[in-house]
Amino acid sequence: QVQLQQSGPGLVKPSQTLSLTCAISGDSVSSNSVAWNWIRQSPSRGLEWLGRTYYNSKWYSDYAVSVKSRMTINSDTSKNQFYLQLRSVTPEDTAVYYCARGVPAHVHGWDFDFWGQGTPLTVSS
Amino acid sequence: QSALAQPASVSGSPGRSITISCTGTSSDIGGYDFVSWYQQHPGQAPKLIIYDVNKRPSGVSGRFSGSKSANTASLTISRLQAEDEADYFCGSYRSSSTLGVFGTGTTVIVL
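Notes on the structure in this doc start here. (Residues numbered from 1 in each chain as written. Chains lettered and ligands numbered in written order. Predicted model: local features only at pLDDT ≥ 70, side-chain atom pairs only at ≥ 80, totals over all residues. Heavy atoms only, no water.)

Concerning the pattern of salt bridges
All names here are of chain A.
Next, step 1: Summed over all chains, the structure comprises 12 salt bridges over all chains.
Next, step 2: Note that R40 and D93 form a salt bridge whose closest N and O atoms lie 2.9 Å from each other. Of the two residues, R40 sits in strand β4 (residues 35-42) while D93 sits in the loop between β8 (81-86) and β9 (95-102), which places them 53 residues apart along the sequence. Comparing R40 with D93 shows no difference in burial state: the two are buried.
Next, step 3: E48 serves as the salt-bridge partner of R45, at 3.0 Å between the closest nitrogen and oxygen.
Next, step 4: The class for R45 is partly exposed, based on a relative accessible area of 35%.
Next, step 5: A network of salt bridges, in which partner residues are shared, links R40, R45, E48, R70, E92 and D93. (Salt bridge = Lys/Arg side-chain N within 4 Å of Asp/Glu carboxyl O. Helix = DSSP H or I, 4+ residues; strand = E, 2+ residues; numbered from the N terminus. Buried < 20%, exposed > 50% of the residue type's maximum accessible area, 1.4 Å probe, protein only.)

So this is what it looks like as structure tokens:
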């Protein structure tokens, strides 16, 4: 059974960088049949897909237009983890952040079958 | 990114059936058979219950079924039970620079 365990801060000051970790068990971050995603949820924006990373002979990352200039998603195969970095956060980034397993570009689909427990984030000074 | 449109709430009595709609465009629901549905209980992460329009993951009750017509997808819950009271979200692949989109969410109320 795949399990995703998230870790990271619950409070970040405006203009700072948010860093989150998602530890994978029961699968491999370098599997070429899945992608590793970050999704957030807030009352104002609902569920919002942020981006993904996946391996298919080399590493790829895709990002939502709304965060592309501020976000980096990467991975560490030795730790079987993947990460989110969101720079220059504002109060609008306040949300619950989830990591989730999904489908890579070369495997057609749009679904997320395993989710982390969620990390509530507040951006405030 | 504009979300897929869902009714805010749907209610039904135990044992009856309800249907939740999810309306998009030809760039998402109407153009691809990559519609998924998620159930979310308070304080929990979403749970995948339908993928590729009408497929159920292993372990998901057969009371949940999905369908699609033109730009609208639907989730039907048959033989409604108290435990089905939750929020439900649809999702779809979208042919844009942002690869996919979720619905606005529907609260199911079991009367």
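Here we look at the interface of chain A and chain B
Next, step 1: Residue-level contacts link 19 residues of chain A with 21 residues of chain B.
Next, step 2: Of the roughly 1700 Å² buried between chain A and chain B on both sides combined, carbon and sulfur atoms contribute 64%.
Next, step 3: Contact with chain B buries area across many residues of chain A, yet L47, W110 and W115 of chain A alone supply 40% of it, more than any other trio.
Next, step 4: Summed over the shared surface of chain A and chain B, the result is 0 salt bridges.
Next, step 5: Secondary-structure elements contributing two or more residues to the side of chain A that touches chain B are β4, β5 (46-55) and β6 (59-63) of chain A.
Next, step 6: Looking at the side of chain A that touches chain B, the element that brings in the most residues is β5 of chain A, giving 4 residues.
Next, step 7: A breakdown of the residues in the side of chain A that touches chain B according to their chemical character gives 10 nonpolar, 4 polar and 5 charged. (Contact = heavy atoms within 4.5 Å. Buried area = accessible area lost by both parts, 1.4 Å probe. Nonpolar A, V, L, I, M, F, W, Y, C, P; charged D, E, K, R; others polar.)

As for the layout of surface pockets
Next, step 1: What the largest pocket holds in volume is close to 350 Å³.
Next, step 2: As for the largest pocket, its lining consists of 23 residues, of which S42, R45, G46 and L47 of chain A together with T104 of chain B are closest to the centre.
Next, step 3: Taken together, the elements giving at least two residues each to the lining of the largest pocket come down to β4 and β5 of chain A together with β7 (86-93), β8 (100-102) and β9 (106-110) of chain B.
Next, step 4: By residue number, the principal contributor to the lining of the largest pocket is β5 of chain A, which donates 3 residues.
Next, step 5: In terms of residue class, the lining of the largest pocket is built from 8 nonpolar, 12 polar and 3 charged.
Next, step 6: Approximately 240 Å³ is the volume attributed to the second largest pocket.
Next, step 7: Taken together, Q1, V2, Q3, L4, Q5, D113, F114 and W115 of chain A together with A45, P46 and K47 of chain B make up the full set of residues lining the second largest pocket.
Next, step 8: Looking at the lining of the second largest pocket, the elements that each hand over two or more residues are β1 (3-7) and β10 (114-115) of chain A.
Next, step 9: Per-element tally for the lining of the second largest pocket: the top contributor is β1 of chain A, with 3 residues.
Next, step 10: Considering only residue class, the lining of the second largest pocket consists of 6 nonpolar, 3 polar and 2 charged. (1 Å grid on protein atoms, 1.4 Å probe; cavity = no way out; pocket = protein on both sides within 12 Å on 5 of 7 lines; lining within 4 Å. Points joined across faces, edges and corners; volume = space filled by probe spheres on them.)

A short note on the state of the cysteines
All names here are of chain B.
Next, step 1: Per the stated rule, a full pass over the model turns up 2 disulfides over all chains.
Next, step 2: Through a disulfide, C22 is tied to C90; the S-S separation comes to 2.0 Å. On the sign convention where negative means left-handed, the S-S torsion of about 75° between C22 and C90 marks this disulfide as right-handed. Taken as a pair, C22 in strand β2 (residues 18-23) and C90 in strand β7 lie far apart in primary sequence, 68 residues in all.
Next, step 3: Given the relative accessible area of 0%, C22 is considered buried. (Disulfide = S-S within 2.5 Å.)

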